[in-house]
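Listed below, chain by chain, are the residues.
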Amino acid sequence: MQFSESWLRTMANPEMTSEALSHLLTMSGLEVEEVEPVAPPFTHVVVARVVEVARHPNADRLNVCQVDVGTGTLLAIVCGAPNVAPGMKVPCALPGAILPPGDDGKPFEIRIGMLRGVESHGMLCSARELKLSDDHGGLLALPDDAPVGQDFRDYYQLDDRKFTIKLTPNKADCLSVLGVAREVSALTGVALNQPACAPVATNSDEKLAVAIKAPDLCGRFSGRVIRGLDARAATPAWMKQRLERSGQRSISALVDISNYVMLELGRPTHVFDLDKIHGGLEVRWGRKGESLKLLNGTTVELDDWVGVIADESQVESLAGIMGGDATAVSLDTQNIYLEAAFWWPQALQGRARRYNFSTDAAHRFERGVDYGTTVLHIERITALIVDICGKPGQTVVGPVDDQVVNLPQRKPVTLRSARAVKVIGVPLTDDQIADIFTRLRLPFERKPGEFSVTPPSYRFDIEIEEDLIEEVARVYGFENIPALPPVAASPMHIAPENQRSLFTLRRQLADLDYQEVVNFSFVDEAWERDFAGNANPIRLQNPIASQMSVMRSNLVGSLLANVKYNLNRKTSRIRAFEIAAVYLRDEAGPDGPLSVAGFRQPKRIGAVAYGPVAEEQWGQPVRNADYYDLKADLEALFAPRVLHFRPCQHPALHPGRSAQVLLDGNEIGFIGELHPRWQQQGELPFAPVLFEVDAAAAQLRPLPANQEISKFPVVLRDLALVVRQHVAAGDVIDTLMAAKVASPACAILQGLVLFDEYRGKGLETDEKSLAFRFTLQDTQATLSDTKVDEAMATFVAAVQNKHGARLRT
């Protein structure tokens, strides 16, 4: 919200500088984003009157003006403005004046000089030349009562400043100059001078019939008929100035007055052209099939979710948001219907956003506008309209028709003094709290140690005790609250030695040449269906975008989106990982401080590799990353714990190039190559390889254990085993390692490596040969052939019994 400091000080004028006032507002919760002067600095510019205008003898488009600047002597000034005329008052820059910089960025100094043979003693100024606006259509015309010779900066209040404040959604009561002035009055104790809202004398009994058919939309509707107005009347300069310094453009007197009262009192009103209304008005919900052309020229389709004001033939206004074009006032308007209403905030929230625009009225009504002062504000705007646009002896003012059908019921909110002291941390007395409530104009009943506060009609942010505690803290001053260290016990919990932190896992993945990505947990519903096989995802009630409507149950879609994003930017080698939560339905999920009943939110680690294994170089040929590259990285992440892999079917992965990841017999994730269907759909030249595992499983690690290093030589033995094609090499390795544990003779096994797989001549069509290298070593003595042979025989017997293996000859 933007307003001028001078306007604010007409209602509350504390004895403090602009900087101090800005700081005070910010520290009370009304963050002042910017304080800027209303005009750049310039000097020696005064109010002047053009006495005489004559044609320049040597130029068709120039005039020689005789100008009175209040010195008793007329100055000859050459001027080319098309609107210069005798008798008009304008700002005049005297010789020696320094004007704001031009396009070259340098200040402009006014000197006495010759213009086409005529000496000029100054310059008559436009608003653009003084950097007051972009209007360069002619001289800046001043009112007839402007005092000649007065410094223009003083006359036009150009030493004023514009405040721009950033309000939190709960501070709707401060969306007006009066609201901010109330805050300043409460914070500083200065008197609050509210604008006069005295009743205007009526001279007619005319009322427009209005029916409120939707009390859940409109709780109060006040209106008045005014006839015999001059809509072409000029908006007063003081009002234009305040509007412009509040970021509003002057349009016409009737529209300007309505906007002015909205900024002054926080009350959006609407002015209908009475002659364009057919019959009476009806306040109701819209109907499917209806449409409305708005003041901004947009035509919107309506339904029963949107409130409207309609007459007997058509919809005339979008309730609380924007008026319709059909009943808009114009310069020919003579008779009006003035409306001020209370619209329920929940009935307007999201309606303007639905049509992809926002208005000042909707912004205020969505947050709550004072429902107790509609009649007073009607009187205020009526007085301004009659004063500015009224015709003596012709203007007819009808009575205020005030219909109250459904207003909020204000329930008292209790504040316990002891609770306030505990939360704020300052030993406040009951008298101090009572003084703060009095300054805030909050009605209250007082008991020892307890206050019962009834929120006023303009405060929609006071509902619970904590809201009142916040008010006390704001007015007391956040800066006055001492900064003290916490007195509660704060033990340092040491993480278990057998558990790694997520930061350690991130660092390890970065060491493996992966870059971390951070993605939204909100994803497209199609991702859940395609990449997780999830037909019932967790849906968001109010998604920020249609393609972010559900919570993800795995990280695959997000990682593939990262791949696509980088490929579109010519990045050919991509290695990315993410550690984040996924969201799963679980009927057994408990409700707790960090959990929601019916759901689980486990942390997962996902990684994707696409493109070359290494950057292009001379030392190795270019080769794209494959399943085994990613598998090696995953095994390195879990080392020294041993992972097992079992073929599986996953909706996101290639049916023959994917596997479950098992740890200690428990499934903890999956790994594989992207399914060809999704590769083609994503227009990816190569198939990315990815994995996703449980982060909690990766965090666990065995504690280091001392092992004696043998000083005796190792023995290497190679063993070629013939097994059926369906027998996995991993299963054979598991059997051999199990034999090491089960048989004392096999305890000498120190290492086992599969170094060859053979299919072809010499074997049956359904057979394959697996060649293993055994590293054997004893820590107590040199191994003998007998002990080695015994161990190898035990290994062979184990795989023969388990897999039907035989030695290859």
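Our structure's up above, just so we're on the same page.
Conventions adopted
Residues numbered from 1 in each chain as written. Predicted model: local features only at pLDDT ≥ 70, side-chain atom pairs only at ≥ 80, totals over all residues. Heavy atoms only, no water. Helix = DSSP H or I, 4+ residues; strand = E, 2+ residues; numbered from the N terminus. Rg over C-alpha atoms; globule rule 2.2 N^0.38 Å. Buried < 20%, exposed > 50% of the residue type's maximum accessible area, 1.4 Å probe, protein only. Contact = heavy atoms within 4.5 Å. Pairing = 2+ DSSP bridges. Core = buried A, V, L, I, M, F, W, Y, C linked by side-chain atoms within 4.5 Å. Arc of directions from axis to C-beta.

(A) Structural context of the overall build of the protein. Across its full length, the protein carries 21 helices and 43 strands. Relative to the compact-globule value of 28 Å for 809 residues, the protein shows a C-alpha radius of gyration of 41 Å, a clear excess of over 25%. Dimensions of the protein along its principal axes, counting C-alpha atoms only, are 130 × 80 × 60 Å. Across the 809 residues that make up the protein, the buried fraction comes to 48%. By sequence separation, contacts in the protein at least 24 residues apart represent 69% of the contacts at least 6 residues apart.

(B) Spotlight on the sheet that holds strand β6 (residues 89-93). Spatial ordering of the open sheet is given by β5-β4-β3-β6-β11, a layout of five strands whose pairing is antiparallel. Two strands bound the open sheet, and with one partner strand each, they are β5 (74-79) and β11 (123-124). As defined by bridge partners, strand β4 (residues 63-68) adjoins β5 across six bridges and the pair is classed as antiparallel. The residue of β5 that forms the bridge with V67 is L75.

(C) Representation of the nonpolar core within the structure. If you look at the biggest cluster of nonpolar residues, it comprises 46 residues, and the most contacted ones within it are I385 and C389. Only α1 (5-9), α2 (18-27), β12 (161-166), α4 (177-188), α5 (237-244), α6 (253-265), β22 (336-343) and α10 (374-389) provide two or more residues apiece to this core. Each residue touching C389, except ones within four places of it in the same chain, is listed here: L229, D230, A233, A253, L254, I257 and L384. Counting residues in each nonpolar core, the second largest holds 42 residues, with M322, F342, W344 and Y371 among its members.

(D) Summary view of α2. Within α2, the full set of buried residues consists of S18, L21, S22 and L25. All buried residues of α2 lie within an arc of 100° about the axis, which places them on one face of the element. Packed against the buried residues of α2 are α1, β2 (31-37), β12 and α4. Downstream of α2 by one or two residues, G29 has phi in the positive range, about 110°.

(E) Broad picture of the environment of S204. Assignment of secondary structure puts S204 in the loop between α4 and β13 (210-212). You can call S204 buried: its relative accessible area is 17%. S204 sits 22 residues away from I226 along the chain, and the two C-alpha atoms are 9.1 Å apart. Dropping the residues within four chain positions of it, S204 is found in contact with V396, V397, G398 and P399.

Any link to function would need more than the numbers given here.
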